[in-house]
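The primary structure of each chain is shown beneath.
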Amino acid sequence: SQKIEQNSEALNIQEGKTATLTCNYTNYSPAYLQWYRQDPGRGPVFLLLIRENEKEKRKERLKVTFDTTLKQSLFHITASQPADSATYLCALDSKGFYMLTFGGGTRLMVKP
Amino acid sequence: DTGVSQDPRHKITKRGQNVTFRCDPISEHNRLYWYRQTLGQGPEFLTYFQNEAQLEKSRLLSDRFSAERPKGSFSTLEIQRTEQGDSAMYLCASSADEKLFFGSGTQLSVL
């Protein structure tokens with residue numbers, strides 16, 4: 001069966017360090033993978049999209065890698081700040097109809 | 001504000017009642033999605049419209065759930081004969097390409 005797995009345990013890091021979150025998937029052949037941020041009581045907010053033929057994508061302090069052989073994406077936040085504290089969700093397309101399936105999310109806590 | 005708007009933000013209902021939620025997408029977006037999210041989980045896909053056509057509804061949780069998007073503008077999600085297990089956040093999203101723009105959701109509590 002299809003699965004998208006993110007670490008369900010919260011990730012606690014110190015301000016200024018790099019946070020690395022993992023997204024693993026099975027039985028998908030996605031054309032792209034997306035990362036979203038979600039704050040409590042709010043809807044997810046789009047951060048980055050990486051396509052299957054791209055290895056890495058960057059946006060300001062964010063970096064995403066996509067390894068279709070390992071079926072894994074890594075999401076990095078460099079020079080993390082307390083304001084980066086949130087839940088981060090990865091999502092894959094399925095059926096090619098712009099339908100996104102989300103992982104369970106990983107909660108990031110950045111301590112000052 | 002030109003984002004996705006959902007109404008109401010919160011809904012408390014008694015088991016067995018019907019509820020309807022409304023979503024107003026970003027005006028130039030032709031795709032509209034409904035997701036459900038329970039505490040500690042990621043959003044779960046329910047259904048999807050392209051303009052007024054409902055292209056995927058097999059993931060609707062039961063026949064008590066239905067959605068419409070008349071004239072390809074706003075959308076409604078109705079849950080009939082609510083059950084306590086329906087308590088969740090119901091999220092609407094719209095898109096013009098691969099990126100989804102979400103509303104703030106409707107938090108449903110079924111007592």
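Use the structure listed above.
Residues numbered from 1 in each chain as written. Chains lettered and ligands numbered in written order. Predicted model: local features only at pLDDT ≥ 70, side-chain atom pairs only at ≥ 80, totals over all residues. Heavy atoms only, no water.

For the rest of this paragraph, the subject is the pairing of strand S6 (residues 56-59) of chain A. All names here are of chain A. Looking at chain direction, S6 and strand S7 (residues 62-67) are connected through 4 bridges and run antiparallel. Paired with Lys59 across the two strands is Leu62, which belongs to S7. Hairpin connection, S6 to S7: the antiparallel pair is bridged by 2 residues, and Glu60 has positive phi, about 55°. (Pairing = 2+ DSSP bridges. Helix = DSSP H or I, 4+ residues; strand = E, 2+ residues; numbered from the N terminus.)

As a further point, take the state of the cysteines. Counting across every chain of the model gives 2 disulfides over all chains. Each sulfur in the disulfide pair Cys23 of chain A and Cys90 of chain A lies 2.0 Å from the other. Between Cys23 of chain A and Cys90 of chain A, the S-S dihedral sits near 60°, and the bridge is therefore right-handed. Residue Cys23 of chain A is found in strand S3 (residues 19-26), and its partner Cys90 of chain A is found in strand S9 (residues 86-94); the two are separated by 67 residues along the sequence. Judged by its relative accessible area of 0%, Cys23 of chain A is buried. Accessibility expressed as a relative area gives 0% for Cys90 of chain A, which makes it buried. Through a disulfide, Cys23 of chain B is tied to Cys92 of chain B; the S-S separation comes to 1.8 Å. Because the torsion about its S-S bond is -65°, the bridge between Cys23 of chain B and Cys92 of chain B counts as left-handed. Of this pair, Cys23 of chain B sits in strand S3 (residues 19-24) while Cys92 of chain B sits in strand S9 (residues 88-95), and the two are 69 residues apart along the sequence. Judged by relative accessible area, Cys23 of chain B falls into the buried class, the value being 0%. Relative accessible area serves as the criterion here: at 0%, Cys92 of chain B is assigned to the buried category. (Disulfide = S-S within 2.5 Å. Buried < 20%, exposed > 50% of the residue type's maximum accessible area, 1.4 Å probe, protein only.)

Take the packing of aromatic side chains next. In this structure the tally under the stated criterion is 15 aromatic pairs over all chains. Three or more aromatic residues joined by ring pairs form one cluster here, namely Tyr36, Phe46 and Phe102 of chain A together with Tyr33, Tyr35, Phe45, Tyr48 and Phe102 of chain B. Here the guanidinium or amino end of Arg22 of chain B rests over the ring plane of Phe74 of chain B, the centre of that ring lying 3.9 Å away. Its end group placed over the ring of Phe46 of chain A, Lys99 of chain B keeps NZ or CZ at 5.7 Å from the ring centre. (Phe/Tyr/Trp six-rings, centres within 6.5 Å; stacked < 30°, edge-to-face > 60°. Lys NZ or Arg CZ within 6 Å of the ring centre and 35° of its normal.)

Geometry only, nothing functional implied.
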